[in-house]
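Report on the structure
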Amino acid sequence: MSNIAQQISGVAAHIEQAKLILKKNDLGGYTVPTHGLYPFQWNWDSAITALGWMMFDEARAWKEIELLLSGQWDNGMIPHVLFHKDSDTYFPGPDVWGSHLKLKSTSISQPPVLASAIKIMVEQCQDKDLLKQNLAQFLPKLIEYHLWWYRERDPENTGLVVSYHPWESGMDNSPAWDDALAAVPAVTWEYQRRDLNHIDSSQRPKKKEYDRYLYLVEFFKNNQFDSEKIYANCPYKVNDIGIISILHKATKDLLSVCASVNLQDDALDILEQKVKLTESAINQLWCENDQFFYNRDVITKQLCRVKTNGSLLTLFAELADQKQAIALKDLSTSWLSASAYAVSSTHPDSELYEPQRYWRGPVWLHINWMIALGLEAYNYPQLSEKIKNSSLALINKSGYFEYFNADTGEGCGGGDFSWTAAIALYWLL
Ligand code: 2M8
């Protein structure tokens, strides 16, 4: 076979494999991230996975969203995990979280990339009847979800929402949270982690982190999920630059989808105002000296001075001004070349960088996808393409893993992983 023929058959094989992974992880309308390790429906995983489905099965893609929205709380929150069916391969399950709704769930949310995924799905969708039908059903729920973020997580109208749990950030054990989490008490009761039945402990968060993750879960339950009490007393409150950026981008995408179908709703004016407010507040997280947007501990009012990839999502959100964008573009270039593959979750020059420990260093494809889109939006197509190609090189080398060792490219965490397959489908189809 010629080189080109080999490359084409390689791409075709990757596409087939990615489709098979989504089918394998399909539990009848929602997709688990991977079997065993994560046996439920996760919020941002599902949003991204729906994009993958959209590339080859439109009805199934919309179904993913329908089931995610079926777990929406009355106050508008879309939880971070929906426990559709019982499973004993994951901890903590619904009993620990303690929400007694019909569809059991966790009591926090996750980075709200959903509306951004839906905007792309709207652009891709060929079946216009299906599209119309689904949007009519979904848009009011999405509006409620976005209003929830701004109302409940920014009650003082600062323009910067707060997050109450590292699990909410999706970047669970990122070194950005180390100091804020250290101030949270640890639970003293015994528990049995199940993640370590599936994955080597060198790739997962440590016990000291789990002890505090669980304290927060109990804190929410003990406060009956009352948002005022939690806002007043939660021992962990951060301005997460990743969530702020993803929310900002998704709100703009939601407004644009609503405008495309001429949806009129007073709530849209509120969302417009929130977009402006965030744009004027974001510089509170910018460090002129380091030329970087940091996360901030809202309790101590200190910036979390670790270079983690959430900051580059300000490009995805188009929250960076031209000068900041140039600085972040230059940083992305050096960040990319500092490790062997794509943009790692912590900058390799940081003393806290661990190339294979979960969110402390490894490469995550969906984050690279957002960074690449951001660079494209700021008119840096070559760098964007480079990030895409070095991300795809990981799949080529190791397959569809949850994340990848940034230095060696070795696949880490769960195998046959849905969001990795979905991003590959988005890029390759
Ligand atoms: C990871 O988080 C879960 C808790 O939500 C866990 O480790 O048990 C994170 O990578 C998160 O971002 C992701 O959504 C989830 C499922 O893939 O796994």
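Residues numbered from 1 in each chain as written. Predicted model: local features only at pLDDT ≥ 70, side-chain atom pairs only at ≥ 80, totals over all residues.

Put simply, the rule is: UniProt positions are given in the numbering used here, feature names are shortened, and annotations may be inferred rather than shown by experiment.
Annotation of the chain in UniProt includes, under Sequence similarities (unreviewed entry), the sentence "Belongs to the glycosyl hydrolase 63 family."

Considerations on the overall build of the chain
Selection criterion: Numbering of helices and strands starts at the N terminus; helices are DSSP runs of H or I of at least 4 residues and strands are runs of E of at least 2. With C-beta atoms placed from the backbone, a residue is buried if 20 or more other C-beta atoms are within 10 Å of its own, exposed if 12 or fewer are, and partly exposed between those counts. A pair of residues counts as a contact when their C-beta atoms, built from backbone coordinates, are separated by no more than 7 Å.
Tallying secondary structure elements over the chain gives 18 helices and nine strands in all. Each principal axis of the C-alpha atoms in the chain carries an extent, and together these give about 65 × 50 × 50 Å. For the chain, buried positions account for 51% of its 429 residues. Taking contacts inside the chain between residues at least 6 apart in sequence as the whole, the part at least 24 apart equals 71%.

Observations concerning helix α12 (residues 241-260)
Basically, it comes down to this: What a helix is expected to span follows from its residue count: subtract one and scale by 1.5 Å.
An ideal rise of 1.5 Å per residue puts 28 Å on 20 residues; α12 measures up with 28 Å between its terminal C-alpha atoms. Taken across its 20 residues, α12 has 16 buried, putting it largely inside the fold. Just beyond α12, the residue with positive phi is N262, at close to 55 degrees.

What about the UniProt feature "domain: Mannosylglycerate hydrolase MGH1-like glycoside hydrolase" (unreviewed entry) in the chain?
Feature annotation in UniProt assigns "domain: Mannosylglycerate hydrolase MGH1-like glycoside hydrolase" (unreviewed entry) to the following positions: residues 38-420. Secondary structure content for residues 38-420 is 50% helix and 5% strand, and the end C-alpha separation is 14 Å.

Focus on the site of the ligand
Put simply, the rule is: Any residue whose backbone-placed C-beta atom lies within 6 Å of a molecule or strand is treated as near that molecule or strand. Note that Gly is not counted as nonpolar here; it falls among the polar residues with everything else outside the nonpolar set of Ala, Val, Leu, Ile, Met, Phe, Trp, Tyr, Cys and Pro and the charged set of Asp, Glu, Lys and Arg.
Taken together, the neighbourhood of the ligand is formed by P33, Y38, W42, W44, D45, H80, W167, G170, D172 and D195. In the shell around the ligand, the residues fall into five nonpolar, two polar and three charged.

As for the sheet that holds strand β7 (residues 302-304)
The cut-off we apply is this: Two strands are counted as paired when DSSP detects at least two bridges linking them.
Spatially, three strands are ordered β3-β6-β7 in an open sheet, and the strand pairing comes out antiparallel. Each edge of the sheet is formed by a strand with only one pairing partner; in this case those strands are β3 (238-239) and β7. The pairing of strand β6 (residues 295-297) with β7 spans three bridges and is classified as antiparallel. By the bridge assignment, N295 is partnered in β7 with C304.

A few points about the environment of S46
By the element assignment, S46 lies in helix α2 (residues 43-54). The exposure class of S46 is buried, given the 29 C-beta atoms found within 10 Å. Residues S46 and A61, spaced 15 residues apart in sequence, show a C-alpha to C-alpha distance of 9.5 Å. Those residues in contact with S46 that sit more than four places away from it in its chain are Y30, T31, Q41, E64 and L68.

Things to note about the packing of α2 against helix α18 (residues 418-428)
The condition that has to hold: For helices, the axis comes from a line fit to the C-alpha atoms of the stretch in contact; other axes are also lines fit to C-alpha atoms, and the angle between any two N-to-C directions lies between 0 and 180 degrees. Should the near helix be turned anticlockwise from the far one by less than a right angle, the crossing is left-handed, and should it be turned clockwise, the crossing is right-handed.
Between α2 and α18, whose axes approach to 7 Å, the crossing angle comes to 40 degrees. When you trace α2 past α18, the crossing you get is left-handed. Together, D45, I48, T49, L51 and G52 of α2 and S418, W419, A421, A422, I423, L425 and Y426 of α18 make up the contact between the two elements. The residue makeup of the contact of α2 with α18, split by class, is eight nonpolar, three polar and one charged.

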